[in-house]
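Notes for the structure review
Here are the chains, one letter per residue:
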Amino acid sequence: MNRFEGKVAVVTGGAMGIGAATVQRLASEGAVVYLADIDGEAGAHVVAETEGTVHFVHCDVAESAHWNALTARVMDEHGHVDTLVSNAYALRHGAAHELPEADWGLVLDVTLKATYLGVAALAEPLTAACGSVVAVSSVHAHASMPGFTAYAAAKGGLSALVRQLAVEYAPAVRVNAVAPGPIRTRQWDPVPPAGQAEEAGRTLAGRLGRPEEVAAAIAFLASDEAAYITGAELPVDGGRLVRLA
Ligand SMILES: NC(=O)c1ccc[n+]([C@@H]2O[C@H](COP(=O)([O-])OP(=O)(O)OC[C@H]3O[C@@H](n4cnc5c(N)ncnc54)[C@H](O)[C@@H]3O)[C@@H](O)[C@H]2O)c1
């Protein structure tokens, strides 16, 4: 498939995990990809490993000045932007009475505000290109477990923001979300094998997901194959959320 031939995509948090798999997927289908991340070393690794055209951009997604610089660079080099994948996030654990205010701020800024900043910076080129936005939400937008106060709030807000953006920028720009369940990235490294197996057992698939499986869903939603889909959220969770017992 070459669904992104001639297209330019920006992928945030593209240096690792789901973001890196998305960079590789879009580039393999012909996109020029701008990988926006704060981790230059991991970003350089993805650039070196990916066949196709990938540029690393140092961008803290919580900083509007970084978004403005990124937008100026992409427009200068290509003159158009077709796809934004808003994937970067921050995670700090704690119940409300345990969570420092600064941690709440960090999680909300990187996980939620960043999508507003990215769309604000890229609205004009995305509209001109009749492009699309895919945000990476989470099952935590819809169901909870202890310790995820800020993350759940941010992802719940992100799911609502995606619907709002879809309404706001229609019909030119489609805006959708994916909601991953447990996906084997570095997030899961600290969880002992027994904990991983327990979580896998809570999915209908009986296993943790792979970053490439989320990237495939993101690529579909970003592509013209999803031309009649906007304001939607696609679970990529192995059935994690529909399981009662
Ligand atoms: N892995 C899972 O189980 C899972 C489950 C549900 C949702 N998600 C969501 O998927 C997305 C990706 O998760 P992952 O597991 O691949 O993460 P990851 O930790 O493997 O990668 C996250 C990337 O984001 C970058 N990043 C962090 N802060 C940044 C900032 N301020 N500006 C720019 N880049 C920044 C990191 O450098 C890293 O490259 C996140 O939105 C996460 O909430 C993941």
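Calculation criteria
- Residues numbered from 1 in each chain as written.
- Predicted model: local features only at pLDDT ≥ 70, side-chain atom pairs only at ≥ 80, totals over all residues.
- Heavy atoms only, no water.
- Buried < 20%, exposed > 50% of the residue type's maximum accessible area, 1.4 Å probe, protein only.
- Helix = DSSP H or I, 4+ residues; strand = E, 2+ residues; numbered from the N terminus.
- Pairing = 2+ DSSP bridges.
- Axes fitted to C-alpha atoms, helices over the stretch in contact; angles between N-to-C directions.
- Contact = heavy atoms within 4.5 Å.
- Parallel < 35°, antiparallel > 145°, perpendicular 65-115°, else oblique.
- Left-handed = near helix turned anticlockwise from the far one by under 90°.
- Nonpolar A, V, L, I, M, F, W, Y, C, P; charged D, E, K, R; others polar.
- Right-handed = clockwise from strand over helix to strand, strands pointing away.
- Phe/Tyr/Trp six-rings, centres within 6.5 Å; stacked < 30°, edge-to-face > 60°.

So, about the pairing of strand 4 (residues 83–86). Residues T83 and V85 point to one face of strand 4 and L84 and S86 to the other, with burial holding for every one of them. Where strand 1 (residues 8–12) and strand 4 come together, 3 bridges link them in parallel fashion. Across the sheet, V10 pairs through a bridge with L84, a residue of strand 4. Note that strand 4 and strand 5 (residues 132–136) share 4 bridges and pair parallel.

On to the sheet that holds strand 2 (residues 32–37), then. Sheet strands pair via backbone hydrogen bonds, and the direction of the pair is either parallel or antiparallel. Strand order in the open sheet made by the 7 strands is 3-2-1-4-5-6-7, with parallel pairing throughout. The open sheet is flanked by strand 3 (53–58) and strand 7 (233–236), the only strands paired with a single partner. Adjacent strand axes in the sheet meet at a mean angle of 20 degrees, parallel and antiparallel pairs treated alike. With 6 bridges connecting them, strand 2 and strand 3 associate as parallel partners. Within strand 3, the position partnered with Y34 by the bridge is H55. This element, helix 4 (residues 101–128), spans strand 1, strand 4 and strand 5 of the sheet and lies at about 175 degrees to strand 4. Sheet strands in contact with helix 5 (residues 149–169) are strand 5, strand 6 (174–180) and strand 7, and its direction is about 155 degrees off that of strand 6.

Another aspect to go through is the packing of helix 1 (residues 17–28) against helix 7 (residues 211–222). Where helix 1 contacts helix 7, the axes come no closer than 8 Å and their chain directions differ by 55 degrees. Taken together, helix 1 and helix 7 sit at an angle that is classed as oblique. Helix 1 and helix 7 meet at a crossing whose hand is right-handed. On helix 7, the residues touching G17, I18, A21, T22, R25 and L26 of helix 1 are P211, E212, V214, A215, A216, I218 and A219. Counted by class, the contact of helix 1 with helix 7 contains 9 nonpolar, 2 polar and 2 charged residues.

What follows deals with the pairing of strand 2. Counting buried positions over the 6 residues of strand 2 gives 6, a clear majority of the element. Following the chain from strand 1 across helix 1 to the adjacent parallel strand 2, one finds a crossover that is right-handed. For the handedness criterion, the β-α-β arrangement of strand 2, helix 2 (residues 40–49) and strand 3 is classed as right-handed.

It is worth spelling out the side chain of T185 at this point. Within the element layout of this structure, T185 appears in the loop between strand 6 and helix 6 (193–201). Every residue in contact with T185, bar those within four places of it in the chain, is listed here: G17, I18 and P211.

Applying the stated rule across the entire model yields 2 aromatic pairs. A ring pair is formed by Y89 and Y151, whose centres lie 6.2 Å apart and whose planes are at 70 degrees; its orientation type is edge-to-face. Note that Y89 is positioned in the loop between strand 4 and helix 4 and Y151 in helix 5, a separation of 62 residues in sequence. Residue classification places Y89 among the partly exposed positions, given a relative accessible area of 29%. With a relative accessible area of 7%, Y151 lands in the buried category. Pairwise contacts between aromatic rings join Y89, F148 and Y151 into one cluster.

In short, the description is geometric, and any link to function would need to be established separately.
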